[in-house]
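Chains, contacts and geometry: an overview
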Amino acid sequence: MKEFLQLVVVGVSTGSAYALVGIGMVLIFRTTGIVNFAQGSFAVLGGLFMVALVDDIHGLVAGLAAVLVVAFIGSLVGFVAVGFRHRTTPLASLIITLGIALLITSLNLLAFGDRPHTYPTIFDRAWDIGGVLVQPQYVLVAGVTLLAALLLTLGLQRTIAGQALVACADSRRAAELVGIDVRAVAVVAFAVSAGLSALGWVLLTPVDPVNYDSDVRIAINGFAAAAFGGLASIRLAYVGGLVLGVAQQLVVGYADKIPGLGQQARQYELAAALVIMLVLIGWRARNEVHE
Amino acid sequence: MNLSRSRTLRLAGTLAAGSFAIWLSYQLSPGDRSLYTLMGLYAIVAIGLSLLIGFAGQISLGQGAFYALGAYTAGILTVGLDPDDRLVSEAGIDPALAVVAAPILTGLVAAVIGVPLLRLRGHYLAFATLALHLILLAAIFAQSGFTGGQDPGLAVIEPLEIFGLQITGVTGGTARHTAIVWGLVLVTLLVALNLVGSRAGRALQAIATSERTAAAAGINVSAYKLRLFVLSAGLAGLAGALYAFMLQFLSPDAFGVFLSIQFVVMVAVGGLGSVYGAVVGAVAITWLEHELRELGARPSLLGFDLPDQAPQVFSVGVFAVILIVVILFFPRGLLPALGDGIRRLRPVRHEN
């Protein structure tokens, strides 16, 4: 039981970070019809900027700066990804964001090298709750994620910009007719989503080191979280992220116990994650057929 | 009459270009030849992918997985299934048989996983195929006893012989190997052209336009999609098998996710669904990658010292920019756009 809880604790925190990436994907997809592959790159950029800044300035300032810079980069990506002269289809936009992700990956390799990066957590010891070891950083990731998701939902309901995003999500054509600039909406949606992704890895990097090419793994897991709600619901994307994170930890944790598989199980961590994701989106696609 | 004449002309042109490509295999120096062989191998993969994306409208970001599967199938069948027996020579099957078996096995795998996979559409399929590639890579790493993993890798030193003719020797691919690769490019091209012009080709075009309309017109959408998926996977498997004997050494490093994306770049540059374009795209992109790596491998460029990662940064970064620019401004492909431009420059000729 203790072991189970331990795995769940770790799973919830990594799952929360995936949830943030997934929520960003949902926000962009609902408002622009684009699935943003570069979402993983935003997360990696957030983690790497944080590592670069945290030595020189206060952690809080460094984190804020990292999130804001990535949000700005995100707005640029949004400007480009929408395409020009209405000739770019949503699938073409996916390929464009894939290209942007590659570009960011290669620049990250140039700037940060090919080693994993991390920074020390500000908490000096882990809490022991009934035998389950809880890193305060895990709680921080999960808490901030929940807060960010709630703030986003509130922002969409209460602000003018949020209402414009929701209008675009309901019907892009109708939104255009009442004078909402779709490109401007895309820029805002990408900026917010990029900031959210970056926030996740700014916080997760002390417990899960980030490398220049972590973006593919993060993008796929974030997509799986978003796909849990059919790319349509922020709430379900949040749940999807948690389910994915916990399921991955449980598979990896308990696969060690199966005799004969033993040591090899760890190496299948990513594969297990991907199979879970495939099952998730396969299940989702089946639901869509029936709807 | 006119139509069949232009078709005959096109066929004659294709055969002439193919013969030239095969003849060229014997004229190049060994150094240039290996790059030329790689161009041919990638062209075979790109033709299959171009059909899949352009005609069936299915975006696969995992074509590199089938290429890797073909390479490892051929390699492992040749050296022997049991890792303990591999030190003994003749543990595996005849390399020529392995080259034939690899695309068949790859096609079979594609047929099995294609059934659930092709139920997914658009974005879902793109991510699922990418996941497939990552899963295969993880399996190659994890089962290192069987596949050789990253270290020591898999050495396929058995020379490839067909009917007593030596195709690859101790030092890798010979001119004959290159000629066979380009001969297969020609065969693939002819098969693809025939497919495009056939009833099946028209059905696939209908599917690309709208799956629902195609289904309403009585086309068995999932069967056609699956067949094309299997064909494109088989072609990638064949190219992979021939690659295994060219390099005589396999390691997962050669089959990264970037490879799958590179295939998409080739198809995007050549024009989605354009069979000739796929060949030109493959040749151009393979050449460009080679040049960029050479450029990145220099100690300094324009007065700047280049870091160790420069070859990778250059090639990945440049491809990323090509992909973005082509999809944004020439969604039909660089080659078709170029053709349009030339046609526009030419004075309008009135036909009677």
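The following refers to the structure shown.

Conventions adopted
- Residues numbered from 1 in each chain as written.
- Chains lettered and ligands numbered in written order.
- Predicted model: local features only at pLDDT ≥ 70, side-chain atom pairs only at ≥ 80, totals over all residues.
- Heavy atoms only, no water.
- Helix = DSSP H or I, 4+ residues; strand = E, 2+ residues; numbered from the N terminus.
- Buried < 20%, exposed > 50% of the residue type's maximum accessible area, 1.4 Å probe, protein only.
- Contact = heavy atoms within 4.5 Å.
- Areas by Shrake-Rupley, 256 points an atom, 1.4 Å probe, with all protein chains shown as cover.
- Axes fitted to C-alpha atoms, helices over the stretch in contact; angles between N-to-C directions.
- Parallel < 35°, antiparallel > 145°, perpendicular 65-115°, else oblique.
- Left-handed = near helix turned anticlockwise from the far one by under 90°.
- Nonpolar A, V, L, I, M, F, W, Y, C, P; charged D, E, K, R; others polar.
- Buried area = accessible area lost by both parts, 1.4 Å probe.
- Salt bridge = Lys/Arg side-chain N within 4 Å of Asp/Glu carboxyl O.
- Phe/Tyr/Trp six-rings, centres within 6.5 Å; stacked < 30°, edge-to-face > 60°.
- Core = buried A, V, L, I, M, F, W, Y, C linked by side-chain atoms within 4.5 Å.
- Polar contact = N/O pair within 3.5 Å; in protein donor to acceptor, adjacent residues only side chain to side chain.

Here the focus is the overall build of chain B. Across its full length, chain B holds 14 helices and eight strands. Looking at the 352 residues of chain B, the share that counts as buried comes to 51%. Put simply, of all contacts in chain B between residues at least 6 apart along the chain, 76% involve residues at least 24 apart. Accessible surface, chain B as shown: approximately 16600 Å² in total, 64% of it carbon and sulfur.

Bringing the packing of helix 4 (residues 90–112) of chain A against helix 13 (residues 310–329) of chain B into the picture now. As a packed pair, helix 4 of chain A and helix 13 of chain B sit with axes 8 Å apart at the nearest point and diverge in direction by 155°. Taken together, the axis directions place helix 4 of chain A and helix 13 of chain B in an arrangement best described as roughly antiparallel. Two packed elements cross with a definite hand, and for helix 4 of chain A against helix 13 of chain B that hand is left-handed. Contacts between helix 4 of chain A and helix 13 of chain B involve Ala92(A), Ile95(A), Ile96(A), Gly99(A), Ile100(A), Leu102(A), Leu103(A), Ser106(A), Leu109(A) and Leu110(A) from the first element and Gln312(B), Val313(B), Val316(B), Gly317(B), Ala320(B), Val321(B), Leu323(B), Ile324(B), Ile327(B) and Leu328(B) from the second. Class assignment for the residues of the contact of helix 4 of chain A with helix 13 of chain B results in 16 nonpolar, four polar and no charged.

Moving on, we get to the interface of chain B and chain A. At the interface, 35 residues of chain B touch 47 residues of chain A. A buried area of about 3800 Å², summed over both sides, lies between chain B and chain A, and 80% of it is on carbon and sulfur atoms. The largest per-residue losses of area from chain B upon contact with chain A belong to His123(B), Tyr124(B) and Phe127(B), which jointly make up 21% of the total buried on that side. Linking chain B with chain A are zero salt bridges, by the criterion used here. Those elements that place two or more of their residues in the side of chain B that touches chain A are helix 5 (122–142), helix 11 (257–270) and helix 13 of chain B. It is helix 5 of chain B that contributes the most residues to the side of chain B that touches chain A, 14 residues altogether. Looking at the side of chain B that touches chain A residue by residue, the class counts come to 28 nonpolar, six polar and one charged.

Moving on: the packing of aromatic side chains. Each aromatic ring pair is specified by the distance between its two centres and by the angle formed by the two planes. All names here are of chain B. According to the stated counting rule, one finds 15 aromatic pairs over all chains in the structure shown. Ring geometry for Tyr-67 versus Tyr-243: centroids 5.6 Å apart, planes at 45°, classification tilted. You can see Tyr-67 sitting in helix 3 (residues 63–79) and its partner Tyr-243 sitting in helix 10 (residues 221–247), a full 176 residues away along the chain. Both rings, one in Tyr-67 and one in Phe-263, keep their centres 5.8 Å apart while their planes meet at 70°; by these two values the pair is edge-to-face. Of this pair, Tyr-67 sits in helix 3 while Phe-263 sits in helix 11, placing them 196 residues apart in sequence. The residues Tyr-67 and Phe-263 share a single accessibility class, namely buried.

To continue, consider the environment of Ile23(A). Residue and element names in this part refer to chain A. As for its placement among the helices and strands, Ile-23 is situated in helix 1 (residues 2–32). Residues Ile-23 and Phe-223, spaced 200 residues apart in sequence, show a C-alpha to C-alpha distance of 9.2 Å. If we skip the residues at most four places from it in the chain, Ile-23 touches Ala-149, Leu-152, Leu-196, Ile-234, Ala-237 and Tyr-238.

Here the focus is the nonpolar core. In this structure, Phe223(A), Leu41(B), Tyr67(B), Phe127(B), Leu250(B) and Phe255(B) are the most contacted members of the largest nonpolar core, which totals 162 residues. With residues up to four places along the chain from it excluded, the contact list for Leu250(B) reads Ala71(B), Tyr72(B), Gly75(B), Gly149(B), Gly153(B), Leu154(B), Val156(B), Tyr243(B), Ala244(B) and Phe255(B). Residues Tyr18(A), Val141(A), Trp201(A) and Leu204(A) belong to the second largest nonpolar core, which totals 13 residues.

Our next topic: the side chain of Ser251(B). Residues and elements named next belong to chain B. You can see Ser-251 is positioned in the loop between strand 6 (249–250) and helix 11. Judged by its relative accessible area of 9%, Ser-251 is buried. For Ser-251, the contacting residues outside a window of four places in its chain are Tyr-72, Gly-149 and Gln-150.

So, about the environment of Leu186(B). All names here are of chain B. Following the sequence through the fold, Leu-186 ends up in helix 7 (residues 175–197). Each C-alpha atom of the pair Leu-186 and Ser-19 lies 8.5 Å from the other, and the pair is 167 residues apart in sequence. When residues no more than four places from it in sequence are discounted, the contact partners of Leu-186 are Thr-14, Leu-15 and Gly-18.

Residue and element names in this part refer to chain B. Structurally, Gln-262 is set in helix 11. Residue Gln-262 is classed as buried on the basis of its relative accessible area of 4%. In terms of polar contacts, Gln-262 uses its side chain to reach the side chain of Glu-289, at 3.3 Å.

We now examine the packing of helix 4 of chain A against helix 5 of chain B. At a minimum axis separation of 10 Å, helix 4 of chain A and helix 5 of chain B run at an interaxial angle of 35°. Seen from above, helix 4 of chain A lies across helix 5 of chain B with right-handed handedness. Each of Pro90(A), Leu91(A) and Leu94(A) in helix 4 of chain A lies in contact with helix 5 of chain B, whose residues at this interface are Gly122(B), His123(B), Ala126(B) and Phe127(B). For the contact of helix 4 of chain A with helix 5 of chain B, a count of residues per class yields five nonpolar, two polar and no charged.

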